[in-house]
Amino acid sequence: MRKLLLLATVMVSFSATAAQADGDAALGKRQFAPCTSCHTVEEGGANKVGPNLHGIFGRTSGTKADFDKFSDAIKAAAVVWDAEKIDKYITKPSEFMPGNKMAFIGLKNPKVRANIIAYLEEATK
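Residues numbered from 1 in each chain as written. Predicted model: local features only at pLDDT ≥ 70, side-chain atom pairs only at ≥ 80, totals over all residues. Heavy atoms only, no water.

Describing the pattern of salt bridges
- Under the criterion given, the structure shown has five salt bridges.
- Ionic pairing is found between Arg113 and Asp87, a salt bridge with its closest N-O pair at 2.7 Å. Of this pair, Arg113 sits in helix α6 (residues 110-123) while Asp87 sits in helix α4 (residues 83-91), and the two are 26 residues apart along the sequence. (Salt bridge = Lys/Arg side-chain N within 4 Å of Asp/Glu carboxyl O. Helix = DSSP H or I, 4+ residues; strand = E, 2+ residues; numbered from the N terminus.)

Here's what the structure looks like:
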């Protein structure tokens, strides 16, 4: 039973990573449009209700120096953002990081999430 559970966990992790690798960044840019009411992505872009996301990959949650509106939950989580963690977060933020202040219920569709992540990977380098 343990081997089956381990195999299932590995397969789920692999499929999430594969879905992200298959994301369409151009489509993701359009699908990210609703997020722009709270976030920008370009280098030097303004913070809004949420932080500018430029440089998010590899950054620890709650540590963007020029943004002071992070919740205690996001600071305490100390998550180092990568594609997998962003995927989990945007799936259901309140479940991945209870107590965070992002007023967003999440995205159920894994293809949409993969597209947005592909876009973020390109746009926030």
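Next, the rest of the story.
Some thoughts on the state of the cysteines
- If you walk through the whole model with that rule in mind, you get zero disulfides.
- No disulfide involves Cys38; its sulfur sits 8.3 Å from that of Cys35, the nearest cysteine. (Disulfide = S-S within 2.5 Å.)

A look at the side chain of His39
- Examined against the element boundaries, His39 turns out to sit in the loop between α2 (25-32) and α3 (72-77).
- Side-chain polar atoms of His39 contact the backbone oxygen of Pro51, separated by 2.8 Å.
- Ignoring anything within four residues of it in the chain, the contact list for His39 reads Phe32, Lys48, Gly50, Pro51, Leu53 and Met102. (Polar contact = N/O pair within 3.5 Å; in protein donor to acceptor, adjacent residues only side chain to side chain. Contact = heavy atoms within 4.5 Å.)

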